[in-house]
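The residues making up each chain are set out below.
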Amino acid sequence: MDRIELLKTIPLFESLENDDLSALAHKLREVNVASGHAVFAQGDEGDAMYVIEDGAVDIVAGSGKQKVILTALSKRQYFGELSLLDGAPRSATAVANRDTHLL
C-alpha cells in the first residue's frame, strides 16, 4: 500500500483532496523503534502523530504495578494525534511490542 492510500484510511485525513494527501505523504518521516522501546512517554510534549506501517505498539498508562495497557495497535493504525489537537502533554506512553516501522 502506498503512503497516499495509507493516509486515506485515517479518519483524520479522509476529507483531504488527493493533492493535499500527496503533499502530506511527501512530508512523512520514517521512524524505526525496536521492540520494548518507547515511541514517547506519558507527560512528553506532543509534537507528532504516528501511523504504524509495520509492527505493533501498546498504549500504556501508569508504571510498575499500576501499569495498564489501554490498547494494542497494529499495522495501518495511528496514535499520538490527541496531543497535536489539544496541545496537552502525552496522556499515555507508547511502547513498541515488536520491531516497528512508523511514519
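Here's a quick rundown of the structure. (Residues numbered from 1 in each chain as written. Predicted model: local features only at pLDDT ≥ 70, side-chain atom pairs only at ≥ 80, totals over all residues. Heavy atoms only, no water.)

1. Considering the sheet that holds strand β8 (residues 100-102)
Then step 1. Pairing is antiparallel across the open sheet formed by four strands, whose spatial order is β1-β8-β3-β6. Two strands lie at the open edges of the sheet, namely β1 (31-33) and β6 (78-79), each paired on one side alone.
Then step 2. Of the pairings in the sheet, the one linking strand β3 (residues 50-54) to β8 comprises two bridges and is antiparallel in character. In the sheet register, Asp-54 faces β8, and the bridge partner there is His-101. (Pairing = 2+ DSSP bridges. Helix = DSSP H or I, 4+ residues; strand = E, 2+ residues; numbered from the N terminus.)

2. Details of the pairing of strand β7 (residues 93-96)
Then step 1. As judged from the two bridges shared by strand β2 (residues 38-40) and β7, these two strands associate in the antiparallel manner. Bridging from a neighbouring strand, Phe-40 pairs with Ala-94 of β7.
Then step 2. For strand β4 (residues 56-61) and β7, the ladder comprises four bridges, and the chain directions are antiparallel. Its bridge partner lying in β7, Ile-59 is registered against Ala-94.

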